[in-house]
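Coordinates in review
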Amino acid sequence: MEKYDMLRYGICTADMNVDSKLDDDINEALIRCIESSGMSMAEFSRLTGISQVSIVRYRQKTAVPTLETIVTACIALHTNIFQALYLITIAGYNIMYPRDKRIYFLLIMSSWNMGLSIDEANDILIGMNMKPLNSKKQMITDNGGQDNGQSSGYHGNRH
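The sections below set out a description of the structure shown in this document. (Residues numbered from 1 in each chain as written. Predicted model: local features only at pLDDT ≥ 70, side-chain atom pairs only at ≥ 80, totals over all residues. Heavy atoms only, no water.)

Focus on the overall build of the protein chain
This is how the line gets drawn: Elements are defined by DSSP. Helices are runs of H or I of four residues or more, strands are runs of E of two residues or more, and each kind is numbered from the N terminus. Working definition: with a 1.4 Å probe on protein chains only, accessible area under 20% of the residue-type maximum means buried, over 50% means exposed, and in between means partly exposed. Pairs of residues are marked as contacts when any of their non-hydrogen atoms sit within 4.5 Å. Values of accessible area rely on a 1.4 Å probe in the Shrake-Rupley scheme; residue burial ignores everything except the protein chains shown.
Within the protein chain, the secondary structure is distributed over eight helices and zero strands. Going from N to C terminus, the protein chain has its helices and strands arranged as α-α-α-α-α-α-α-α. The buried share of the protein chain, reckoned over its 159 residues, is 40%. Within the protein chain, residue pairs in contact and separated by at least 24 positions form 58% of the contacts whose partners lie at least 6 positions apart. By element, 53% of the accessible surface of the protein chain is carried by carbon and sulfur atoms, the whole surface being about 9300 Å².

Quick look at the pattern of salt bridges
Defined as follows: By salt bridge we mean one thing: a side-chain nitrogen of Lys or Arg within 4 Å of a carboxyl oxygen of Asp or Glu.
Following the criterion strictly, the structure yields six salt bridges and no others. In this structure, the salt-bridge partner of Asp24 is Arg32, at a minimum N-O distance of 2.5 Å. For Arg32, a relative accessible area of 15% gives the class buried. Notably, a salt bridge pairs Lys61 with Glu28, separated by 2.5 Å at the nearest N-O pair. You can see Lys61 sitting in the loop between helix H4 (52-60) and helix H5 (67-77) and its partner Glu28 sitting in helix H2 (residues 26-36), a full 33 residues away along the chain. On the accessibility criterion, Glu28 (35% relative accessible area) is partly exposed. Beyond isolated ion pairs, a larger network of salt bridges with shared partners links Asp19, Asp24 and Arg32.

A few points about the environment of Leu125
Structurally, Leu125 is set in helix H8 (residues 118-127). The spacing of Leu125 and Tyr104 is 21 residues in sequence and 9.3 Å in space, taken between C-alpha atoms. Sequence-distant contacts of Leu125, defined by excluding residues within four places in its chain, comprise Ile103, Tyr104, Leu107, Met130, Lys131, Pro132 and Leu133.

So, the nonpolar core
Basically, it comes down to this: Among buried residues, those of type Ala, Val, Leu, Ile, Met, Phe, Trp, Tyr and Cys that are joined through side-chain atoms within 4.5 Å constitute a nonpolar core.
Ranked by size, the top nonpolar core spans 37 residues in total, and within it Phe44, Val71, Ile75, Leu87, Tyr104, Leu107 and Ile108 carry the most contacts. Secondary structure elements with two or more residues in this core: H2, helix H3 (41-48), H4, H5, helix H6 (81-90), helix H7 (102-114) and H8. Top element by residues in this core is H5. It accounts for eight residues.

Here it is as structure tokens:
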């Protein structure tokens, strides 16, 4: 593809960058990804709903992030799909199987290309009758009000 074609289709090298290291593990790669965004850990925590305690555990390698945590981080940081797939793969997850996880691929792509937010991603998942990525998004009750935690609706993952 010639340079002109790349510009014509809106493709640039940032679309293909992957921050990787030999013998990388998910904890190191995730923390590095957060730090390279310029976002503070507190800001990242507020944006994603991932607790600061969990982030410290990832840094200390006393906990491993779930697939949903990694997808949440990728959406919040608007990572390109190659970086997202790298993080997902080194963590040992697969978003192509089972089939219901394929939506994560589309959510990450939408975040990178169109700025999809975590709340919007959670709205899409809830609309598909799926569990939201995190506890920031509560299930809306049938009567139109916010769920107060007493119903059997989804309340997200505990991070």
